[in-house]
Amino acid sequence: MERSRPRSSAVISLFGAVLGIGTGVFLAWTGGSLTASGLPDCTTTVPWPRLALFLALAVLIGILASIWPAGRAARLNMLRVISSQ
């Protein structure tokens, strides 16, 4: 069970990053299309390598953020925790 915590936190952080990046790209595209008539020289470009780097960093940070709580939970005596509640 402890091995699934870093995996699940990586999935959650990846999901959040995909939602955030998708929302940002959509808003940039929408804003760019709305201002295209007033600013014909401006274009919206999507930096795909940088977005891939952000997704990888989100997964790495999610895994690193789950290591300390998972290690702490692994050291707990579950019977004593259950009996104290």
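Everything discussed here concerns the structure shown above.
All of the points below concern the structure found in this document.

### A word on the overall build of the protein
When helices and strands are tallied, the protein shows three helices and zero strands. Written out in order from the N terminus, the α and β elements of the protein read α-α-α. Radius of gyration (C-alpha) of the protein: 21 Å, far over the 12 Å computed for a compact globule of 85 residues. Here the C-alpha coordinates of the protein stretch approximately 70 × 25 × 15 Å along the principal axes.

### Things to note about the side chain of Ser13
With respect to the secondary-structure elements, Ser13 resides in helix α1 (residues 4-34). Residue classification places Ser13 among the buried positions, given a relative accessible area of 18%. When sequence neighbours within four positions are dropped, the list of residues in contact with Ser13 reads Ala58, Val59 and Gly62.

### With respect to a nonpolar patch on the surface
Together, Leu53, Phe54, Leu57, Leu60, Ile61, Ile63, Leu64 and Ile67 make up a nonpolar patch on the protein surface, roughly 720 Å² of accessible area in all. Within the secondary structure layout, Ile63 lies in helix α2 (residues 48-74).

### With respect to the environment of Thr45
Tracing the chain through its elements places Thr45 in the loop between α1 and α2. For Thr45 and Trp29, which are 16 residues apart along the polypeptide, the C-alpha to C-alpha distance reads 8.6 Å.

### What about the packing of aromatic side chains?
One pass over the full model with this rule turns up one aromatic pair. Aromatic pair Phe26 and Trp29: ring centres 6.1 Å apart, planes at 40 degrees, arrangement tilted. In this pair, Phe26 and Trp29 are both assigned in helix α1, three residues apart and thus about one turn of the helix distant. Judged by its relative accessible area of 47%, Phe26 is partly exposed. In this structure Trp29 comes out as exposed when scored by relative accessible area, which is 53%.

The rules we used
Residues numbered from 1 in each chain as written. Predicted model: local features only at pLDDT ≥ 70, side-chain atom pairs only at ≥ 80, totals over all residues. Heavy atoms only, no water. Helix = DSSP H or I, 4+ residues; strand = E, 2+ residues; numbered from the N terminus. Rg over C-alpha atoms; globule rule 2.2 N^0.38 Å. Buried < 20%, exposed > 50% of the residue type's maximum accessible area, 1.4 Å probe, protein only. Contact = heavy atoms within 4.5 Å. Patch = residues over 30% accessible without salt bridge, like charges linked within 9 Å, V, L, I, M, F, W, Y side chains within 5 Å. Areas by Shrake-Rupley, 256 points an atom, 1.4 Å probe, with all protein chains shown as cover. Salt bridge = Lys/Arg side-chain N within 4 Å of Asp/Glu carboxyl O. Phe/Tyr/Trp six-rings, centres within 6.5 Å; stacked < 30°, edge-to-face > 60°.

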